[in-house]
Amino acid sequence: MGTPQGTSPGAIWILGAAGQLGTALRTRAPDGVEIRALTSADIDLADPDSVASVLAALRAGDVVLNTAAYTAVDAAESDADAAWAVNAVAPGLLADAIAAANAWLIHVSTDYVFGDAVAGTAAPGAVQRPMRTTPYEPGDDADSLPPATVYGASKLAGERAALAADPTATIVRTAWVYTGGPESPDFVGTMRRLERSRDTITVVDDQKGSPTYAVDLADGLWELVAGGRRPPVAGKILHATNTGAATWYDVAREVFTLVGADPDRVRPCSTDDFPRPAPRPAYSVLSARAWERAGLTPLREWSAAVRAAVTSTTGSG
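Keep in mind it's a predicted model, so treat the numbers as computed, not measured.

Calculation criteria
Residues numbered from 1 in each chain as written. Predicted model: local features only at pLDDT ≥ 70, side-chain atom pairs only at ≥ 80, totals over all residues. Heavy atoms only, no water. pLDDT = per-residue confidence, 0-100. Contact = heavy atoms within 4.5 Å. Salt bridge = Lys/Arg side-chain N within 4 Å of Asp/Glu carboxyl O. Helix = DSSP H or I, 4+ residues; strand = E, 2+ residues; numbered from the N terminus. Buried < 20%, exposed > 50% of the residue type's maximum accessible area, 1.4 Å probe, protein only.

Caption draft 1: Just the confidence of the model for the protein chain, in detail. Within the protein chain, residue pLDDT values average 91, and 90% of them lie at 70 or more. Taken as a whole, residues 1-8 scores under 50 in pLDDT and shows 20 contacts with residues more than four places along the chain or in a different chain.

See below:
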């Protein structure tokens, strides 16, 4: 599988085990690892009693990979309480219990925590945000402007709650995660299906980010776990994405090319052509320098990762 063989001596708890990343973590787990895979049916992150009850079984040396989140970016705009409970409050509850057990929390977060320019025409009276042109480092000030979405604000609050409750926790931000299987509901999977059903498609070309293959991210997280609670990562924020940057239009063209279709069937458009309840970042590329400085292997270039996803019949190769 290409995953590391050395691991933490404790059990590895995967929260959000039925999601894209949780599934990839389970399928890419090194041999011999004790995994406790928890879905929303096993633990209700919005219920403090459920969190306390389930995590009472934690042992010293265990690792908790929290991949669970309220990720419906648009729905969060009208369902802020639910998003806040899972994304902002729950990480602090998890960190409290994990610190008490002398276990290690690795909490997965997002590029949406940054609040610079949004794609498309700004709404009347909206805060004027500067246009970013260089990748975000973990130390960049997310307070310079508040996140533009409820989702982003809730995830930023969750990072802070986790580190306040357990200063040895590790935050791993990622972005634009996909599995890419032919039936996957993510962007790459959707492009594969649309190629078969439409003559042409239009895709936004004014949002630039870091497309990330769930399999590569899972392998990176297993490498992180294998290192144990090392000084370079304890209490740190790291960024883990496939390298390089692309727009959604770029990704769509790559998918069409890989399946043998004419990429010119993909037509560019602006975010204004597809208005959504939540604004999207115009630029949210994440820098991997802190990840590499921690001695971790950089994830491969984004187009190579898309190729791996598309050429795998299951989206997990």
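Caption draft 2: Quick peek at the pattern of salt bridges. Following the criterion strictly, the structure yields 14 salt bridges and no others. Put simply, Glu 159 and Arg 173 hold a salt bridge, and the shortest N to O gap is 2.8 Å. Of the two residues, Glu 159 sits in helix α5 (residues 150-165) while Arg 173 sits in strand β5 (residues 170-174), which places them 14 residues apart along the sequence. The two residues Glu 159 and Arg 173 agree in class, both being buried. Residues joined by salt bridges that share partners form a network here, namely Glu 34, Arg 36, Arg 59 and Asp 62.

Caption draft 3: Region of the structure containing unusual backbone geometry. The backbone of Asn 102 shows a phi angle near 60°, a positive value even though the residue is not glycine. With respect to the element layout, Asn 102 can be found in the loop between α4 (80-100) and β4 (104-110).

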